[in-house]
Each structure stands twice: as C-alpha cells, then as structure tokens.
Amino acid sequence: MIGACCVVEAAPAAKGDFVTVKKTHFSRKGQAYYIAGANFWYGGYLGAPSGVGDRARLLKELDNMKAIGINNLRVLAVSEKTDMKSAVSPATTSVPGQYDENLLAGLDFLMAEVAKRDMTVVIYLNNFWQWSGGMTQYLNWFEGTPALDPNVTKDYDTYMQKTAGFYRNAAAQAEYRNVIARIVKRVNTITGKPYSDDTHILSWQLANEPRPGNGKATPEEKAVYVKWIDETAGYIHSLDKNHMVSTGSEGLAGSAQDAQLFLDAHRSSNVDYLTYHLWPKNWGWFDSNNPTGSWDNAIGKSRDYLNSHIDLAKKLGKPIVLEEFGLDRDGPSFSIKATTKIRDRFYREVFDIVTTRAQKGDPIAGFNFWAWGGMGRAANADYWWKPGNDFVGDPPQEEQGLYSVFDSDVSSLLLIKEYADKLQGIKR
Ligand SMILES: O=C1NC[C@H](CO)[C@@H](O)[C@@H]1O
C-alpha cells in the first residue's frame, strides 16, 4: 500500500524561508515580499479527497492564479455545522470535538499544491459571519442561544452584538482553542510536514472580520475584544514559533469607527501586522443602481479609507495588508455575462494607491481581492448557493456572482496581472 509508508519526514525549514516582518515590511528569503493575492475561501474544500472535493479543478485554479501573478491566497481553514440557512456545508466541525478529516485533508492537499507553485497562504481559523457557522455557532453550542442567520432576521445589529459574546464565553473559547491547536499542530497528511514548519503559510488569522460588537460597542465590549485578540494571538504563537499572526480586521468599519480601538487591537506584540478590508457597496458609499451618481462619493471615501489605514499602520510601525475589497458587476447583475467596467475602474483605483504607496516605502504589504470565482459557476436561477453546487468567490451568504472574479472576466484578470507585476517588481 503506498499510503503512509511513503510519506517522508520533511527536513525542518530554514528560518529565513518563513515570511517575517522586517521593520514595516514583509521579508521572505532575504527579499522584501509583497502580496498580490486572492481570497479563495474554499480552497481547502476543493482539495478534499472525496465529497465536495474537486482536485482537478483546484489544480487548474491554482495554475490560472499563478499565471496572472497571484502569489498569496486567503483561505478558510475551519467551519462549524449550523442550522443557519446561508452557511456552507459540510463543515469541518460537526459538533465540538468531531472534525471532518476528509475536509481537513483538503487543506493538506491545498497546502501541498501551493508549495509547488511557491505561493503563500493566510489561514483563518474562525468567522464573525454566519456563512461558515462561525462564532455564532459556537455560542449556539455553548450558550444554547439560537444561531440566528442575519440574512433571515435582517437584524445585523443584534447579530453583531450577540456574536461578540463569543469572546467572553469560556467554553466556546476552550473549543476554539482546541480547533486552533488541531490545525496549527497538524501534520500535513500529503507532505508529512508539520503545518508549523510550512514556509508557505504566511500567517495564522484569528477569524474572518472579527468585530467588537456592533457600531455602538461599549468600552467594556471593546476591552474584551482587544484582550481576546492579544491572548488568542499569544496562544497561537505559543504553539508555533515560526509563523506570523494577524487579526482579520476590516479596519475602522470593523472597529466601531474607532481608530484608537483599531490601533489598540493591533498594538500587541502577538499581532505581527495589520489588516483591513474595503467594501463601498456594503457600507453604503456606492449605489450600484446609481453608479454614476454615487461614484464620486464612493471613490472619495475609498481613497481616504485606503490611505488613512496605511497611515495608522505607520503609527504602529507594522505592515498592513488590504486583504479584501470588491464591487459588483455592471447592471448591477450577478450574471457572468454582465460586464465589469465599473469594478475594473474601482480595482484600478485601489491598485494604484496600494502600489504607489508601496513603491514609496509605506507599510502597505499588498492586497487580496475578494474573491476568486475562477471556473466556478452559479447553479441556480436565483443565484443562491445550495449544497452540491460549485463553490465560487461569494460564500453562501451572498448571491453567487456578486463579487466573484471568474476566469471569463478577462479585463479583471489582466488588471490583476498588471498590478501583481508592479508589486512584485518592488525591490527593497
Ligand atoms: O469577509 C467578508 N467580507 C465581505 C464579503 C462580501 O460582502 C463577505 O462575503 C465576507 O463575509
């Protein structure tokens, strides 16, 4: 039997091969390292050996991303089985203590293939939003509170305020740390390499878009949030001395518009770099039904958001990554047939600021657009995801086609390549 007999213990990696922070930049193999990345939340799902896995597609997606200069992926590592309507299934955690080895082997396969292409990966270990179960599902398990899907209740304020209860729930935190340990201390079943020794992991990330609560978060909620970040990041470093740790924060939009909180949340020496996200449509700056009339407002606020967070990173003396941004297709439409002229214009504005500031030596370390749809296609007339459908860049909480960049979006792919080349051409 081939199996375990031929998994050879990999030699420990050289320290310099890990991505580290050097003053306010990333450094890798003695060179400044800039991220031209994609959000690819379902990369581990495609890598699964059976069930939802589609390894042939995964290999083509990785090759197609590599071909346009994408050198980094941001990937969901774990998900929690939930009754919430707009969540992915299956989940890596069915109930506390029960983990789906088929899905976790998918992450192993993804990491093995990423290494072959010399890409790096940011791996997030939880989710503030419902599309992978996330913190709300932990509270359902350990508080018995109903897991209320905000897509159903339409009450995001209550959702955010209740979900932040995760940070102070000891039993939920204990299980979350069990899951963290299971992933961070995992040995890749394909390569035989411990994850903690895998130089293609750029950082461990606490969660996708962790927020202190809603926009009216209290000083006490903010203090709990900052403490959770510091202690959880410290816990990950205690398990893994080689890799960086990041928060997954959106910036001020995910910090109750409180710049001091955003700084405090990233001040800890356990947090190696800052992250931020940019969502003009989600945040009401851009009206895709009135693109001409709302463009100036949207791009003005976006430019300010892009630049002000780089300035905040300068204050802390740490790098920052713009690890999510997006805009919908012309129309607006979810259809892959719709053009992407407005999105391309927005992407170019974002890329120009990121690359110009990086070329000037400011602490912006790169971008990840949201999100790689690639060969995936929406399966249903209403564009909602159902189990068994293709995975695309949009998770099940949103219409499949909302923000995805598909392999047929040639103008977008060319734009990404143009700026990936510019970023990777920066020598420092
Ligand atoms: O992390 C996220 N940020 C914004 C995306 C698009 O709305 C969303 O799909 C995801 O939850």
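Cut-offs and rules
Residues numbered from 1 in each chain as written. Predicted model: local features only at pLDDT ≥ 70, side-chain atom pairs only at ≥ 80, totals over all residues. Heavy atoms only, no water. Near = heavy atom within 4 Å. Polar contact = N/O pair within 3.5 Å; in protein donor to acceptor, adjacent residues only side chain to side chain. Areas by Shrake-Rupley, 256 points an atom, 1.4 Å probe, with all protein chains shown as cover. 1 Å grid on protein atoms, 1.4 Å probe; cavity = no way out; pocket = protein on both sides within 12 Å on 5 of 7 lines; lining within 4 Å. Sits in = over half its atoms within 2 Å of the grid points. UniProt positions renumbered as here; feature names shortened; annotations may be inferred. Helix = DSSP H or I, 4+ residues; strand = E, 2+ residues; numbered from the N terminus. Buried < 20%, exposed > 50% of the residue type's maximum accessible area, 1.4 Å probe, protein only. Arc of directions from axis to C-beta. Contact = heavy atoms within 4.5 Å. Pairing = 2+ DSSP bridges. Axes fitted to C-alpha atoms, helices over the stretch in contact; angles between N-to-C directions. Points joined across faces, edges and corners; volume = space filled by probe spheres on them. Nonpolar A, V, L, I, M, F, W, Y, C, P; charged D, E, K, R; others polar. Left-handed = near helix turned anticlockwise from the far one by under 90°.

As a structural note, the neighbourhood of the ligand is formed by Trp129, Trp131, Asn208, Glu209, Trp279, Asn282, Glu324, Trp370, Pro395, Gln397, Glu398 and Tyr403. In the environment of the ligand, a nitrogen atom lies 2.7 Å from a nitrogen or oxygen atom belonging to the side chain of Glu324. Gln397 has a polar side-chain atom sitting 3.4 Å from an oxygen atom of the ligand. Protein coverage of the free-state accessible area of the ligand, which is 290 Å², stands at 97%. Among the cavities detected, the one that contains the ligand is the largest pocket.

According to UniProt, the "domain: Glycoside hydrolase family" (unreviewed entry) feature falls on residues 17-426. Across residues 17-426, the secondary structure splits into 39% helix and 14% strand, with the terminal C-alpha atoms separated by 19 Å.

With that settled, consider helix α6 (residues 156-163). Considered for burial, the residues of α6 that qualify are Tyr159, Met160 and Thr163. Seen along its axis, α6 keeps its buried residues to an arc of 95°; they face one direction. The inward-facing, buried residues of α6 abut α4 (134-142) and α5 (150-153). With a side-chain oxygen lying 3.4 Å from the backbone nitrogen of Asp157, the N-terminal cap of α6 falls on Asp155.

Before going further, it helps to examine the sheet that holds strand β9 (residues 201-205). Judged by pairing direction, the sheet is parallel, and its eight strands sit side by side in the order β10-β9-β8-β5-β4-β13-β12-β11 without closing on themselves. Either end of the sheet is taken by a strand with one partner, and the two such strands are β10 (244-246) and β11 (274-278). Taken pair by pair, the neighbouring strands of this sheet meet at an average axis angle of 25°, ignoring direction. Here strand β8 (residues 120-124) pairs with β9 via four bridges, running parallel. Bridge pairing in β9 places Ile123 opposite Trp204.

Taken as a whole, this structure holds two cavities of 30 Å³ or more when the rule is applied. Put simply, the largest cavity is a space of about 60 Å³. Every residue lining the largest cavity is listed: Gly44, Tyr45, Leu76, Ala77, Val78, Ser79, Thr92, Leu103, Leu104 and Leu107. Those elements giving two or more residues to the lining of the largest cavity turn out to be α1 (43-46) and α3 (101-116). With three residues, α3 is the largest single contributor of residues to the lining of the largest cavity. Across the lining of the largest cavity, the residue classes break down as seven nonpolar, three polar and no charged. What the second largest cavity holds in volume is close to 30 Å³. Surrounding the second largest cavity, Pro280, Phe286, Trp295, Ala298, Ile299, Ser302, Leu327 and Phe346 form its lining. Looking at which element gives the most residues to the lining of the second largest cavity, the answer is helix α10 (residues 291-316), with four residues. Its residues placed into classes, the lining of the second largest cavity shows seven nonpolar, one polar and no charged.

Bringing the packing of α4 against α6 into the picture now. In contact at an axis separation of 9 Å, α4 and α6 are set at 65° when each is read in the N-to-C sense. Judged by the sense of rotation from one axis to the other, the crossing of α4 with α6 is left-handed. Along the contact surface, α4 presents Met135, Thr136 and Leu139, while α6 presents Tyr159, Lys162 and Thr163.

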